[in-house]
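# Structural overview for review
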Amino acid sequence: MRGILVFIALFFSAYSFAAADDHLSFDFDSIQVRAALQLLADYKHLNLVADDSVTGSITMRMQDVSWDSAIDYVVKTKGLVYQLDGQFLQVSRLFSNSLRTADLSSPPLPGGDFSVSPPQKNTILKVTHVLGSDAIKAFSLLQGESLTADDSASLVLARMMPARIDELREYLKAVDFPRKQVMIEARIVEVDTSYSRSLGVSWGAKSGKGAVAVAASGTFVDVGSLSSSVGFGIVTDALTLDLELNAMEKNGGGKVISRPRVVTSDRQQAKIIKGFDVPYQQSAGEGSTSVSFKEAALSLDVLPIVNDQGILLDIKLSKDEPDFSNALNGVPPINTASFTSKVVAKFGQTIALGGVYSTSDNVVQKSVPVLGAIPLLGWLFRSETKSVTTTELMLFLTPTLVDL
């Protein structure tokens, strides 16, 4: 009862009210927001329902303004929204879950734009050709908005204002479309440099960036023979290429390491790995040991991008091998050769990438049994031959468009 009397005293001492032509005049110096809203609700004979988030105070000095403009001013200044529902005036924070819709018919307060922003609402959208989590990656959110995806049901749940929902629909329409399917056939070859020019490749172009690293004593990259870019060429006849590769292996001029084939979608990375883990022992403390593993694998990553010219291939090839001859404490170093490149090709065309060279020094000892082991004189019955072998890592790719 005491609170009601204080409120009435405050109302008549600080508030001058005029109802001529349904216009109001009042002068409040730091009145509680809830009290101001209650006065405005009483004037319209409305029941006030205010969210717990409606707090704080406000200074109001207005002359001859409409009721709509007055409440617009209050809610806009304090970051609130209101809804007229029969005999109820509902007020909540702008990003509260309490309100579903807002009354947007109120005119702005004279001298400025104090229109009420519509509240956010939940909207469920469906995607068909891409994962929902991928579809919404690049859509920027504003303060208070949320956007989640359910990939198992191909749904996107958005909580934002209606105008923003329309923007999201247009965005999803632009990214949710059927992708073309691409089959990529690869031939990964390690060939002697003296034989590499006999594989029916039309060389002479350069493409992308090349990178190579080899770590092991006795095996190194011949930097002087490496160009700054990966060598790029076109195979005139894929069938002839297979015949040349078979002849190469029979003649000892090189070996085909792998012939992977994979199907992927436009702008979806395909990854092929072939290898093994090299076991080694390491100390586990207090005199015990444990077995650990180092990966040595051949991996190929290809990202196809279909365009009007054909297909752009973003390629990374890496070949790792353990070098047991130079193991340190039982742990072999991993020799690594790799390159990256971006090339444009036509469907059905076979392209060749090369230019990554490695040189190995090999020592072969021959000895006459028994005599070669004689102290001091054994060297007379032993011979040692050194040879240097330079090989080139080459990649052949044939992209083909798959009809669905």
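Everything below is about the structure shown above.
These figures come from a predicted structure and were not determined experimentally. (Residues numbered from 1 in each chain as written. Predicted model: local features only at pLDDT ≥ 70, side-chain atom pairs only at ≥ 80, totals over all residues. Heavy atoms only, no water.)

### Comments concerning the sheet that holds strand S8 (residues 155–160)
Spatial ordering of the open sheet is given by S6-S8-S7, a layout of three strands whose pairing is antiparallel. In the strand order of this sheet, the two ends are held by strand S6 (121–126) and strand S7 (146–150), each with one partner. Taken over all neighbouring pairs, the strand axes of this sheet differ in orientation by 20 degrees on average, direction set aside. Relative to S8, S7 runs antiparallel, the two being bridged by five bridges. Among the inter-strand pairings, Ser146 is bridged to a residue of S8, identified as Arg159. (Pairing = 2+ DSSP bridges. Helix = DSSP H or I, 4+ residues; strand = E, 2+ residues; numbered from the N terminus. Axes fitted to C-alpha atoms, helices over the stretch in contact; angles between N-to-C directions.)

### Digging into a nonpolar patch on the surface
A surface patch of nonpolar side chains, about 320 Å² in accessible area, is lined by Ile374, Leu376 and Leu377. By the element assignment, Leu376 lies in the loop between strand S19 (350–367) and strand S20 (382–402). (Patch = residues over 30% accessible without salt bridge, like charges linked within 9 Å, V, L, I, M, F, W, Y side chains within 5 Å. Areas by Shrake-Rupley, 256 points an atom, 1.4 Å probe, with all protein chains shown as cover. Salt bridge = Lys/Arg side-chain N within 4 Å of Asp/Glu carboxyl O.)

### Brief notes about the packing of aromatic side chains
Across all of its chains, the model carries one aromatic pair by this definition. Summarising the aromatic geometry, the rings of Phe139 and Tyr171 are spaced 5.4 Å apart at their centres and angled 55 degrees between planes, so their arrangement reads as tilted. Of the two residues, Phe139 sits in the loop between helix H4 (132–135) and S7 while Tyr171 sits in helix H5 (residues 162–175), which places them 32 residues apart along the sequence. Over the ring of Phe177 we find Arg179, and its NZ or CZ is 3.9 Å from the ring centre. (Phe/Tyr/Trp six-rings, centres within 6.5 Å; stacked < 30°, edge-to-face > 60°. Lys NZ or Arg CZ within 6 Å of the ring centre and 35° of its normal.)

### Notes on the nonpolar core
Judged by nonpolar contacts, the single largest core of 26 residues is most densely connected at Ile31, Met60, Ile71 and Val91. Elements that contribute at least two residues to this core include exactly strand S1 (23–32), helix H2 (33–43), strand S3 (57–66), helix H3 (67–77), strand S4 (80–85) and strand S5 (88–93). Of the residues forming this core, the biggest block, seven residues, is contributed by H2. Not counting residues within four places of it along the chain, the set of residues in contact with Met60 comprises Phe26, Asp27, Phe28, Ile31, Ala36 and Val74. Among the nonpolar cores identified, the runner-up in size contains 24 residues, and Phe232, Ile257, Ile311 and Phe339 belong to it. (Core = buried A, V, L, I, M, F, W, Y, C linked by side-chain atoms within 4.5 Å. Buried < 20%, exposed > 50% of the residue type's maximum accessible area, 1.4 Å probe, protein only. Contact = heavy atoms within 4.5 Å.)

### Digging into the sheet that holds S5
On the basis of which strands lie adjacent, the open sheet formed by three strands has the order S2-S5-S4 and mixed pairing. Strand pairing shows two members of the sheet lacking a second neighbour, strand S2 (47–50) and S4, which therefore form its edges. Within this sheet the neighbouring strands show an average axis-to-axis angle of 20 degrees, counted without direction.

### Observations regarding unusual backbone geometry
With a phi angle near 60 degrees, His45 is a residue other than glycine that sits in the positive phi range. Inspection of the secondary structure assignment puts His45 in the loop between H2 and S2. Assessed through its relative accessible area of 65%, His45 is described here as exposed. With phi around 55 degrees, Asp64 is a residue other than glycine that occupies positive phi space. By secondary structure assignment, the location of Asp64 is in strand S3.

### Re the environment of Phe396
Considering the arrangement of structural elements, one finds Phe396 in strand S20. Distance in space between the C-alpha atoms of Phe396 and Val235 is 8.5 Å, their sequence separation being 161 residues. When residues no more than four places from it in sequence are discounted, the contact partners of Phe396 are Glu185, Ala186, Arg187, Val189, Leu199, Val201, Val235, Leu241, Thr350, Ile351 and Ala352.

### A short note on the environment of Val201
Relative to the helices and strands, Val201 is located in strand S10 (residues 201–207). Using a relative accessible area of 13% as the deciding quantity, one classes Val201 as buried. Considering only alpha carbons, one finds Val201 and Leu241, 40 residues apart in sequence, at a separation of 8.4 Å. Apart from the residues within four sequence positions on either side, Val201 is in contact with Gly233, Ile234, Val235, Ala352 and Phe396.

### Topic: the layout of surface pockets
As a volume, the second largest pocket reaches approximately 290 Å³. Val130, Leu131, Asp134, Arg179 and Gln268 are the residues nearest the centre of the second largest pocket, which is lined by 16 residues in total. At the level of secondary structure, the elements contributing two or more residues to the lining of the second largest pocket comprise H4 and H5. When the residues that make up the lining of the second largest pocket are grouped by side-chain class, the tally is seven nonpolar, four polar and five charged. (1 Å grid on protein atoms, 1.4 Å probe; cavity = no way out; pocket = protein on both sides within 12 Å on 5 of 7 lines; lining within 4 Å. Points joined across faces, edges and corners; volume = space filled by probe spheres on them. Nonpolar A, V, L, I, M, F, W, Y, C, P; charged D, E, K, R; others polar.)

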